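One-letter residues, chain by chain:
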Amino acid sequence: MSSTQLFNIVTIAYFSSMVLFIIYLATRSKGVSLIASIAAYGGLLAHTAAIGLRWYESYQIPGGVGHAPLSNLYESVVFFAWTIVLIYMIIDLKYRQPAVGAFVLPFAFLSMTWAQLSLDDAIEPLVPALQSNWLTYHVITCFLGYAAFAVACGVSIMYLIKVGKEDKGSGNSPAGGILAVFPSAKILDDINYKSIMIGFPLLTLGIITGAAWANYAWGTYWSWDPKETWSLIVWFIYAAFLHARFTRGWVGRRAAWLSIVGFAATIFCYLGVNLVLSGLHSYGG
Amino acid sequence: MNAKDRNPATALWDFFCSLKLTIVTLILLAATSIIGTVIQQNRTPEEYLQVYSETTYRILNTLKFFDMYHSWWFLALLGIFSINLISCSIKRFPRVWKTVKEPVLVPDETLYRTFSNMEEIVIPASVDEVRKKVADFTSSHFSTPVVTEESGKVHLFAQKAAYARFGVYVTHISILIIFIGAIIGTLWGYKAFVNIVEGTATDKVWPRGSNEPIDLGFSVRCDEFSVSYYEGSSRPREFKSLLTVIDEGRTITEKRPVVVNDPLTYEGITFYQSSYGPAGEPVFNFKVRVKETGEVANITARQGQRVQLPGGGAFRVVDFTPSYQNFGPGARLEVFTESGKRNSFIVLQAFPDFDAQRGGVYSFTLVDFKQRFYTGLQVAKDPGVWVVWLGCTLMVLGSMIAFFLSHRRIWITIMPVGGKTGIKLGGSAHRNQPAFELFFDDFKKNLKAELVARD
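Notes on the structure follow. (Residues numbered from 1 in each chain as written. Chains lettered and ligands numbered in written order. Predicted model: local features only at pLDDT ≥ 70, side-chain atom pairs only at ≥ 80, totals over all residues. Heavy atoms only, no water.)

### Some words on the overall build of chain B
Phase 1 of the analysis: What chain B contains, in helices and strands, is ten helices and 20 strands.
Phase 2 of the analysis: Over its C-alpha trace chain B gives a radius of gyration of 39 Å, far above what one expects of a compact globule, namely 23 Å for 455 residues.
Phase 3 of the analysis: Along the first, second and third principal axes, the C-alpha atoms of chain B reach 130 × 65 × 45 Å.
Phase 4 of the analysis: Considering chain B as a whole, with its 455 residues, one finds that 42% of them fall into the buried category.
Phase 5 of the analysis: Within chain B, contacts between residues separated by at least 24 positions form 57% of all contacts whose residues are at least 6 apart in sequence.
Phase 6 of the analysis: Of the roughly 24,800 Å² that chain B leaves accessible, carbon and sulfur atoms contribute 56%.
Phase 7 of the analysis: Separation of charge centres in chain B, based on 50 positive and 44 negative side chains, amounts to 5 Å. (Helix = DSSP H or I, 4+ residues; strand = E, 2+ residues; numbered from the N terminus. Rg over C-alpha atoms; globule rule 2.2 N^0.38 Å. Buried < 20%, exposed > 50% of the residue type's maximum accessible area, 1.4 Å probe, protein only. Contact = heavy atoms within 4.5 Å. Areas by Shrake-Rupley, 256 points an atom, 1.4 Å probe, with all protein chains shown as cover. Lys, Arg positive; Asp, Glu negative; His and termini not counted. Charge placed at Lys NZ, Arg CZ, Asp CG, Glu CD.)

Here it is in structure tokens:
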């Protein structure tokens, strides 16, 4: 089996998991959420194998061009999906709130679909600029950070839906329907905070490894290149989020919005900068 | 104290200590940083005027938007950010230092009442017996307690990871250290570039945005520059310069390969492979066969130069590329026969016999060619870079400590109650209290079991 076929299976697994989690919201059936989780975890396992296989395949191409599959837009989007499900798994094992899956798996599924349908999946040898071990450290830390922010964003959307509906129902009806399986607002707020607590040090490491690499390859650790600047913008937003926790009035709804804005900035940093702005990160990753 | 009583100094101090200022500054930094990613930075006025109208250009220029990250207002924002950071730390640090260095060893009723997990147990045993058991249990299940005796009561205090409280200060200081490193680099470092033609040397480099060269104090020679490609592809694999450093006639390092991602450093000055280009026209060596007679001649030609051929004809190299449609080096030739007929075709170095199949008077083989290149090097000197890395290391360590470790404390008071012994215990963590609660519930349960068990 080739890695491309395996990636297709992964996409199907994430799609099934996503649909099942949504069915779970409607039916509240424990069995459905269990199968949804199995699909997600099985998908993650296959995903890991597929990334490993692609890595191996790159060494089978003549000319000694093998490298970790983290070097172009296709590979980075696939890796992004992998980190999202990985961080989701960590949060799921800790909090055991299957409803969260319905708001996180879509990110992973959309990434995989986009990569499989419209991105170039050819394994290319590395251009000189990317021939460095720093590439691996830099990409892994950045994307784990991005993924944690994706989970935080999903949970923040849940929070806003939950709080919004509860306010409308003005407390007389115990939140029924889909909301019944949502974790409590307090737990959602907590997962949001914890995810960002995981993501922030990782983003910091990602920026630092990027700076170290830039200094090693170009002789300057910081040049206000749009990608660098946007990663710093994301860092500022989440730094504001973390400090906001210590002041009254910034938990709950405002924190959820800040988390969503933070993730929007993250996505712009990741994709928007390459598609809209120009700069040094022109390899598409 | 209400606002009226405050003198301006206190008001200013409170302003700079406030967390609200932190949040506002961070959001302002994030928002304004976007400007420099939308408007291209540090271009010439001519380039800007192609994009913007003159009025817009003047407004943007006044606002310093063309070099915004070095503008007075952006630096002022970073200044406020730093003062805020320092003030907050100065304000909060002494209290935290006291909490860690002078912990409450003798807890009173008020302290116990603040714990949500306080527990009281009564054990039919002597105070001394219980005290030993509790101290041993705490040592082996948490950390060694400090024991204080006061008015017939015995107080135990044990803590773990007290240094976790300093993580946030380490993180804050690390930001200032990075700023200091950046300032050192700006004041005593430079970024420059130099182009060196193969076989020549230079002892000067040109800083960006200046016409005055900087003297290196030693010289750098480029012995060779080469580009290699991936097999069967026009995708470059490696750009390589062989550099030799000569200091006062002494050769320091000879023909050191410098490639992208592997620079050369000497005397704190680092040379990075950055660009390249041809220096002058290439020189070709051809083997030309006159088909009719079988006569073979070796001919050297420069690009564009008209060269006579045996048998009365002539030719010139019109064009050359090091990579012709993935077939490697190829030259376009123009041949003039004696009768004045002109003929143009391509000769590939990788296929020496190919041209023989072409009709015509001559067949050509491209034996080799010599193209002199220049190598373009970025040159950087940054004495502040180690300070920046120190700051980065502290930032990672500090934020890990601040986010993932918590200062946990347990207080236990043992006192006689009637003929028995009463134990009161409680504890807290400075972050992640729920996880501590789980640990503390286990701790209480096991301690109780230990005390009740008979030995």
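### Let's talk about the sheet that holds strand β1 (residues 119–123) of chain B
All names here are of chain B.
Phase 1 of the analysis: In spatial order, the strands read β1-β20-β19-β3-β2; together these five strands make up an open sheet with antiparallel pairing. In the strand order of this sheet, the two ends are held by β1 and β2 (146–150), each with one partner. The sheet shows a mean angle of 20 degrees between the axes of neighbouring strands, taken without regard to direction.
Phase 2 of the analysis: Note: strand β3 (residues 153–160) against strand β19 (residues 408–417), seven bridges, orientation antiparallel. Bridge pairing links Lys160 to Arg408 in β19.
Phase 3 of the analysis: Sheet strands in contact with helix α10 (residues 433–452) are β1, β19 and β20 (420–429), and its direction is about 160 degrees off that of β20. (Pairing = 2+ DSSP bridges. Axes fitted to C-alpha atoms, helices over the stretch in contact; angles between N-to-C directions.)

### Things to note about the sheet that holds strand β4 (residues 190–197) of chain B
Residues and elements named next belong to chain B.
Phase 1 of the analysis: Taken together, eight strands build an open sheet; the order of strands is β8-β7-β6-β5-β4-β18-β10-β9 and the sheet is antiparallel. One side of each edge strand has no neighbouring strand; the edge strands of this open sheet are β8 (250–259) and β9 (264–266). Here the strands of the sheet are splayed against their neighbours by 35 degrees on average, with no regard to which way each runs.
Phase 2 of the analysis: In this structure, β4 lies alongside strand β5 (residues 201–207), joined through two bridges in antiparallel fashion. Residue pairing for β5: Phe193 is matched across the bridge by Trp206.

### Thoughts on the interface of chain B and chain A
The parts lose accessible area when they come together, and the size of an interface is often stated as this lost area.
Phase 1 of the analysis: On the chain A side, the residues contacting the 45 residues of chain B number 49 residues.
Phase 2 of the analysis: When the buried area of chain B at its contact with chain A is split by residue, Thr37, Asn261 and Phe403 of chain B rank highest and sum to 17% of it.
Phase 3 of the analysis: Remark: the boundary between chain B and chain A carries ten residue pairs in polar contact (both at pLDDT 80 or more).
Phase 4 of the analysis: Looking at the side of chain B that touches chain A, the elements with two or more residues in it are α2 (19–38), α8 (167–188), β7 (236–247), β18 (373–381) and α9 (385–404) of chain B.
Phase 5 of the analysis: The greatest single-element share of the side of chain B that touches chain A, amounting to eleven residues, is contributed by α2 of chain B. (Buried area = accessible area lost by both parts, 1.4 Å probe. Polar contact = N/O pair within 3.5 Å; in protein donor to acceptor, adjacent residues only side chain to side chain.)

### Examining the nonpolar core
Phase 1 of the analysis: Core analysis: the largest hydrophobic core is formed by 135 residues, its most contacted members being Tyr14, Leu25, Leu105, Tyr146 and Trp235 of chain A together with Trp389 of chain B.
Phase 2 of the analysis: With 18 residues, helix α5 (residues 134–168) of chain A is the largest single contributor of residues to this core.
Phase 3 of the analysis: Beyond its immediate stretch of four places on either side in the chain, Tyr14 of chain A contacts Ala40, Gly43, Leu44, His47, Val85, Leu105, Ala108, Phe109 and Met112 of chain A.
Phase 4 of the analysis: One finds Ala125, Phe137, Ile423 and Leu425 of chain B within the second-largest nonpolar core, a separate group that totals 23 residues. (Core = buried A, V, L, I, M, F, W, Y, C linked by side-chain atoms within 4.5 Å.)

Scope: geometric values only; no functional claims are made or implied.
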